[in-house]
Every structure is written in structure tokens, then in C-alpha cells.
Amino acid sequence: HQAFRDDPSLVWLTGRCLIVDGAGQPIRRAISGYKNALLRRYSFGLHLTHNFVAAPSTFFRRDAFLEAGGMDLDLRYSMDYDLYLRLGRAHRPRVLAQDLAAFTMADGTLSMTGFERQFVEHYEVARRYAQDRRWAALTNRAFSSGIVFTYRAMARRSPRDRGGGPVE
């Protein structure tokens, strides 16, 4: 991204990520909207409460990735969240107010089939980094429970969302 060329001190950046169907049409606009609202207000503490930074629209320098320790391969659903929390502890990301990527919802993906376990793992990851912000990890747990409830309700209401879990 041009931002890295323009600012050699920039460590990582993120921006909006669309959620699209197989035909490339935007779906789940409410989810994108709330994630974008959180993204505009990024802080490390807020990020501990919920994983609203989308992997497809997040970029970082290789040396920052290595300095942060790379990906925790013991995690199944939250490798990106774990990495972004480690990056965010040391460096605030630049948040761009533009769509940088699109995520296609597809049956069979981890986000679609393992969303309940995904949120348990998100809480476990948030707890690792909460330290004096225990409230943030507890908020993560409560928020995640609400999201699981919402996605279950969406799956019951709409055939298009059957089995659909959250997009992280």
C-alpha cells in the first residue's frame, strides 16, 4: 500500500473489509457497519473487547511480524486476532477509511462452521493480553455470547444465512 511507501515509520495498517456473496455482491451490511464503527474508534483496549480488525484488509511490515513473534500456530480460529493484539500492544495501526478488501462468505469455511468455538478462542486470546484490563476480556466474552445468539437467530430466519457464523 502507498501508505508504507509514504511513511517509513508505519508498522501496520488496516481498513474496511466488505462482506460479499459468491457473486461479489455486498451482504451483511449491518455487520460491516458495526465493525467499521469500531475500527474508526480503534484503541488497544477496544480491540481487546472484540476482533473487529479484518485479516483481508490488514497489512504490516515483515520486520514487525517477526518482532511480534509471527503467528501462533496452536490457535485454530484466532491466529490473526492474536497477532494484531501483539502488534497493537506495541504500535497503533493506521486506520484507513476505505475498503481495502472483500471477504466472500462460503459454506465450509472456519468462520462459517466453527463460529461458537471461534468466539471462545477469541476470549482466550483477549485474556492473554488484557493484564490490567480484565474488564476488556470479560466484555469480549459477553459480546461474543451476544454475537453467537444473533448469528443463530439469523441462521434460523434466512435460508441464505443457514449455518452462517460470524465473519472475523
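Residues numbered from 1 in each chain as written. Predicted model: local features only at pLDDT ≥ 70, side-chain atom pairs only at ≥ 80, totals over all residues. Heavy atoms only, no water.

Student: Lay out the packing of helix 5 (residues 79–90) against helix 7 (residues 115–130) with the relevant residues and their values.
Tutor: Taken N-terminus to C-terminus, the directions of helix 5 and helix 7 make an angle of 20 degrees; their axes are 10 Å apart at the nearest point. What the angle tells us is that helix 5 and helix 7 run roughly parallel. Judged by the sense of rotation from one axis to the other, the crossing of helix 5 with helix 7 is right-handed. Across the interface between the two elements, Y81, D82, L85, R86 and R89 from helix 5 touch H122, V125, A126, R128 and Y129 from helix 7. In terms of residue class, the contact of helix 5 with helix 7 is made up of five nonpolar, one polar and four charged. (Axes fitted to C-alpha atoms, helices over the stretch in contact; angles between N-to-C directions. Helix = DSSP H or I, 4+ residues; strand = E, 2+ residues; numbered from the N terminus. Parallel < 35°, antiparallel > 145°, perpendicular 65-115°, else oblique. Left-handed = near helix turned anticlockwise from the far one by under 90°. Contact = heavy atoms within 4.5 Å. Nonpolar A, V, L, I, M, F, W, Y, C, P; charged D, E, K, R; others polar.)

Student: How would you summarise the confidence of the model for the protein chain if you had to cite specific residues and measurements?
Tutor: For the protein chain, per-residue confidence averages 87 on the pLDDT scale, and residues scoring 70 or more make up 88% of the total. Element-level mean pLDDT values for the protein chain span from 59 in helix 6 (residues 110–113) up to 98 in strand 2 (residues 58–60). (pLDDT = per-residue confidence, 0-100.)

Student: Could you give an account of the nonpolar core, with specific residues and numbers?
Tutor: Core analysis: the largest hydrophobic core is formed by 21 residues, its most contacted members being W12, L48, V53, L85 and L87. Sorting the residues of this core by element identifies helix 2 (29–40), helix 3 (44–49), helix 4 (62–68), helix 5 and helix 7 as the ones contributing at least two each. Per element, the largest residue contribution to this core is five residues, and it comes from helix 5. If we ignore the near neighbours within four places in the chain, the residues touching V53 are W12, T14, L39, Y42, H47, T58 and Y84. Residues I19, A101, F119 and Y151 belong to the second largest nonpolar core, which totals 14 residues. (Core = buried A, V, L, I, M, F, W, Y, C linked by side-chain atoms within 4.5 Å. Buried < 20%, exposed > 50% of the residue type's maximum accessible area, 1.4 Å probe, protein only.)

Student: I'd like to hear about the packing of aromatic side chains, residue by residue, with values.
Tutor: In the structure shown here, the tally under the stated rule is five aromatic pairs. Here W12 and Y42 contribute two aromatic rings whose centre-to-centre distance is 6.3 Å and whose plane-to-plane angle is 85 degrees, an arrangement assigned as edge-to-face. In this pair, W12 is assigned in strand 1 (residues 12–20) and Y42 in the loop between helix 2 and helix 3, connecting sequence segments 30 residues apart. One exposure class covers both W12 and Y42, and it is buried. Relative to F65, the ring of F60 lies with its centre 5.6 Å away and its plane at 10 degrees, an arrangement referred to as stacked. F60 sits in the partly exposed class, given a relative accessible area of 27%. Assessed through its relative accessible area of 24%, F65 is described here as partly exposed. Aromatic ring contacts, followed pair by pair, group W12, Y42, F52 and Y84 into a single cluster. (Phe/Tyr/Trp six-rings, centres within 6.5 Å; stacked < 30°, edge-to-face > 60°.)

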